[in-house]
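Chain residues, written in single-letter form:
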Amino acid sequence: MEPRFSDRQVKEILRKAVEESPLARPRGSRGLSLTELHAIGAEVGIDPARLDHAVRAVTGPAAFRPNLVLGAPLRLSFERTVGGTPRPDRTAEMVALIRKGMGAHGEVSEVGGALEWSASGEVGKRHVTVAPREGGTAIYGTADLANAAVVTYLPAGILGTTVSLIGFFASANDGSVTGMLLFPLILPVLYLVLRTILQTITGREAERLHRVVDELAGFVAATEPLAADEHSP
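Please read all numbers here as calculations on a predicted model, not as lab measurements. (Residues numbered from 1 in each chain as written. Predicted model: local features only at pLDDT ≥ 70, side-chain atom pairs only at ≥ 80, totals over all residues. Heavy atoms only, no water.)

A closer look at the nonpolar core
With 32 residues, the main nonpolar core has Leu76, Met94, Ile98, Ile139, Leu198, Leu209 and Leu216 as its most contacted residues. For this core, the elements supplying multiple residues, two or more each, are β1 (75-83), α4 (91-102), β3 (114-120), β4 (125-133), β5 (136-144), α5 (146-174) and α7 (186-222). In contact with Ile139, other than residues within four places in its own chain, are Phe78, Glu79, Arg80, Val82, Thr129, Val130, Val213, Leu216 and Ala217. (Core = buried A, V, L, I, M, F, W, Y, C linked by side-chain atoms within 4.5 Å. Buried < 20%, exposed > 50% of the residue type's maximum accessible area, 1.4 Å probe, protein only. Helix = DSSP H or I, 4+ residues; strand = E, 2+ residues; numbered from the N terminus. Contact = heavy atoms within 4.5 Å.)

Some words on α4
Given a rise of 1.5 Å per residue, 12 residues ought to cover 16 Å, and the 17 Å separating the end C-alpha atoms of α4 matches this to within 8%. Among the residues of α4, Thr91, Met94, Val95, Leu97, Ile98, Gly101 and Met102 are the ones counted as buried. Down the axis of α4, the sector holding all buried residues measures 160 degrees, keeping them to one side. Among the exposed residues of α4, those oriented more than 90 degrees off its buried face are Ala92 and Lys100. Contacts from the buried residues of α4 go to β2 (107-111), β3, β4 and α7. Note on α4: the residue one or two positions beyond its end, Gly103, has a positive phi of about 70 degrees. (Expected span 1.5 Å × (residues − 1). Arc of directions from axis to C-beta.)

Details of the confidence of the model for the protein chain
On average, residues of the protein chain score 81 in pLDDT, and 78% of them are at 70 or above. Taken as a whole, residues 26-30 scores under 50 in pLDDT and shows 2 contacts with residues more than four places along the chain or in a different chain. Between residues 226-233, whose pLDDT stays under 50, and residues either more than four places distant or in other chains, the model counts 5 contacts. (pLDDT = per-residue confidence, 0-100.)

A few points about α5
Helix length check: α5, at 29 residues, gives a terminal C-alpha distance of 41 Å against a target of 42 Å (1.5 Å per residue), a fit within 8%. Where α5 bends most, the angle comes to about 25 degrees, and this point is Gly157. Along α5, the residues classified as buried are Ala148, Ala149, Thr152, Tyr153, Gly160, Ser164, Gly167 and Ser171. Buried residues along α5 sit against α6 (177-182) and α7. Note on α5: the residue one or two positions beyond its end, Gly175, has a positive phi of about 75 degrees. (Bend = angle between axes of the 7 residues up to and from the residue.)

Below is the structure:
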């Protein structure tokens, strides 16, 4: 009969297997790529789909600490590192992938061998970079959502405060106790609604940015290197 292990033993065994994996890097390294995580997961029998789900749970929208007052993070950042480097003749395809995924045309530039895409709008500033690093490629996706917070809270907040004050003083002038109690409630209710709206905007932006970074990582990893005769003019 095969031995059975407790939950504690399973966690310890898996931790030990990961630590001793030949793919595990020494202390002080910059971490593992998703490809390397998949390889380690395969060694210990973890389904790739479950591993991807765990990665998204750790690095996805819920992983960002929200602003305590506004209820959502104002800055998002995703990073993936894969083996290989993108081919120069596939740059247009990467740009098209970014533009489609982010839903904006944006501006594209190449600096020091890195492809950079950026766009600004009502949501805020978004930036995607594909850069060579240590024999591989690093893909970064960031978003500054401060503008989304301003657009969400400021106009509605001013309007809600104005209506609440006018309604309160009008009720006080008419001697309406009910109105004096109800109109101030507009502000906390409005605040909760605006928090929910900003959380929705931030969540959608995080999912979009995360998906683009993942797709770029898969694109680069799957790209075949140029053949020797393709390098010649």
